[in-house]
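Below are the chains, spelled out letter by letter.
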Amino acid sequence: MRWWYESVLGWPTAPGTPVRLRTGVRFDVLDVPVQAGHAALRRLGPPGATPRRPGFPVALRGGRMLLLVAAGGAEELPGLLEWLEWGSLPLDLTAVGAGGLMEAPLLPATGAAGAAGSAGATDATGSADVAGSAGAAGSADVGRAGRGSALPPPRPRNHDGRARRGAAVWLRPPEQEGGAETSLPALSAVGGTAAAPDLARLVHTLATECHRFRLSSRCASPRLARATR
């Protein structure tokens with residue numbers, strides 16, 4: 001797995017297990033609740049599109065959605081939230097940039113250019129239950145894939161062969177052709193591209209959905225408390 005990220009995508013990794021990607025070099029990460037992330041992707045996509053449609057890379061880990069943006073985006077986040085008048089509100093929207101690490105998502109079984117559906121099924125909250133472990137990386141991966149192969153090695157399984165909850169998986173894998181960074185949201189004077197929205201639009205949409213999710217969660221808590229009495 002480490003070989004594929006470093007040699008095929010050119011993304012630097014940190015030593016150790018599980019495999020972790022260095023942020024702030026080729027990309028930064030926006031981290032939001034998975035429910036808010038799914039709602040934002042639906043709003044940003046064309047009518048009828050699903051969050052799994054081709055576009056900028058997006059990963060899931062537990063109850064969180066990790067959206068990859070152009071390097072430097074994490075540094076822009078506080079200023080964008082202030083400019084968009086979200087700065088005074090408590091939003092569960094964070095960023096990881098220079099010097100940070102992101103757990104490397106398990107590799108799609110058919111390669112990063114294939115459909116993300118092969119990465120595994122999701123539960124009701126959108127968190128993934130997939131076969132394999134991000135921690136099983138190293139020289140064995142290279143041997144299975146073949147040093148000259150552009151396809152990722154087979155995903156390793158847990159010792160008991162069962163799926164592991166909480167492992168990071170790709171909802172939208174990075175594209176190999178043309179460089180994955182070309183599809184990453186960035187500040188733009190033209191509003192973004194068909195593959196990726198402008199960073200300001202993405203942040204505004206994520207902030208809106210994070211705020212809605214927070215309000216709906218607060219409203220649901222009293223109802224749940226009354227129902228359990």
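Residues numbered from 1 in each chain as written. Predicted model: local features only at pLDDT ≥ 70, side-chain atom pairs only at ≥ 80, totals over all residues. Heavy atoms only, no water.

Counting its secondary structure elements, the protein chain contains five helices and 11 strands. The proportion of buried residues among the 229 residues of the protein chain is 46%. Taking contacts inside the protein chain between residues at least 6 apart in sequence as the whole, the part at least 24 apart equals 78%. Of the accessible surface of the protein chain, which amounts to about 10,800 Å², a share of 54% is contributed by carbon and sulfur atoms. (Helix = DSSP H or I, 4+ residues; strand = E, 2+ residues; numbered from the N terminus. Buried < 20%, exposed > 50% of the residue type's maximum accessible area, 1.4 Å probe, protein only. Contact = heavy atoms within 4.5 Å. Areas by Shrake-Rupley, 256 points an atom, 1.4 Å probe, with all protein chains shown as cover.)

Take the pattern of salt bridges next. When charged atoms on two side chains of opposite charge get close, those side chains can pair. The full count for this structure, using the stated rule, is six salt bridges. Ionic pairing is found between Arg64 and Asp31, a salt bridge with its closest N-O pair at 2.6 Å. On the criterion of sequence distance, the pair formed by Arg64 in strand S5 (residues 64-69) and Asp31 in strand S3 (residues 28-33) is long-range, its members being 33 residues apart. Residue classification places Asp31 among the buried positions, given a relative accessible area of 16%. Of the charged contacts, one joins Arg61 and Glu103 as a salt bridge, the two residues approaching to 2.6 Å between their closest N and O atoms. One end of the pair, Arg61, is in strand S4 (residues 58-61); the other, Glu103, is in strand S7 (residues 101-103), and 42 residues separate them in sequence. One network of salt bridges, in which partners are shared, links Asp31, Arg64 and Asp92. (Salt bridge = Lys/Arg side-chain N within 4 Å of Asp/Glu carboxyl O.)

Here we come to unusual backbone geometry. Going from Thr17 to Pro18, the amide bond is cis rather than trans, its omega being 0 degrees. Tracing the backbone through its elements, the reader meets Pro18 in the loop between strand S1 (13-14) and strand S2 (20-22). Phi angles above zero are rare outside glycine, and Glu85 is one such case at about 65 degrees. One can find Glu85 in the loop between helix H3 (73-83) and strand S6 (94-96). Relative accessible area serves as the criterion here: at 68%, Glu85 is assigned to the exposed category.

Our focus in this paragraph is the packing of aromatic side chains. Taken as a whole and judged by the stated rule, the model has four aromatic pairs. Ring geometry for Tyr5 versus Trp11: centroids 6.2 Å apart, planes at 20 degrees, classification stacked. Accessibility assignment for this pair places Tyr5 and Trp11 in one class, buried. (Phe/Tyr/Trp six-rings, centres within 6.5 Å; stacked < 30°, edge-to-face > 60°.)

Bringing the sheet that holds S1 into the picture now. Taken together, the three strands give an open sheet; going across it, the order is S1-S2-S7, and neighbouring strands pair in antiparallel fashion. The sheet is open, and its two borders are formed by S1 and S7, each paired with just one other strand. (Pairing = 2+ DSSP bridges.)

Leu30, Met65, Leu67 and Leu93 are the most contacted members of the largest nonpolar core, which totals 32 residues. If you tally residues by element for this core, the top one is helix H5 (residues 199-227), at seven residues. Those residues within four positions of Leu30 in sequence are excluded, and the remaining contacts are Met65, Leu66, Leu67, Val69, Leu77, Leu93, Thr94, Ala95, Leu199, Leu202, Val203 and Leu206. Formed by 20 residues, the second largest nonpolar core is a distinct cluster that contains Leu9, Phe27, Ala104 and Trp170. (Core = buried A, V, L, I, M, F, W, Y, C linked by side-chain atoms within 4.5 Å.)

Attention now goes to the side chain of Asp31. Only 2.6 Å separates the side chain of Asp31 from the side chain of Arg64, close enough to count as a polar contact. In this view, Asp31 contacts Arg64, Met65, Leu66, Asp92, Leu93 and Thr94; residues no more than four positions away in its chain are not counted. (Polar contact = N/O pair within 3.5 Å; in protein donor to acceptor, adjacent residues only side chain to side chain.)

Here we come to the pairing of S5. Among the six residues in S5, five count as buried, and that is most of the element. Bridge analysis of S3 against S5 gives six bridges, and the strand direction is antiparallel. Bridge pairing in S5 places Pro33 opposite Arg64. Where S4 lies against S5, four bridges are found, and the strand directions are antiparallel. Note that in S5 the partner of Val58 across the bridge is Leu67. Count of turn residues in the S4/S5 antiparallel hairpin: two residues, of which Gly62 carries a positive phi of about 60 degrees.

This part covers the environment of Ala39. In this structure, Ala39 sits in helix H2 (residues 34-44). Through-space distance from the C-alpha of Ala39 to that of Thr208 is 9.7 Å; in sequence the pair is 169 residues apart.

Strand order across the open sheet formed by five strands is S6-S3-S5-S4-S11, with antiparallel pairing between neighbours. Two strands close off the open sheet at either side, each with one partner strand: S6 and strand S11 (169-172). Ignoring which end each strand starts from, the neighbouring axes of this sheet average 30 degrees apart. (Axes fitted to C-alpha atoms, helices over the stretch in contact; angles between N-to-C directions.)

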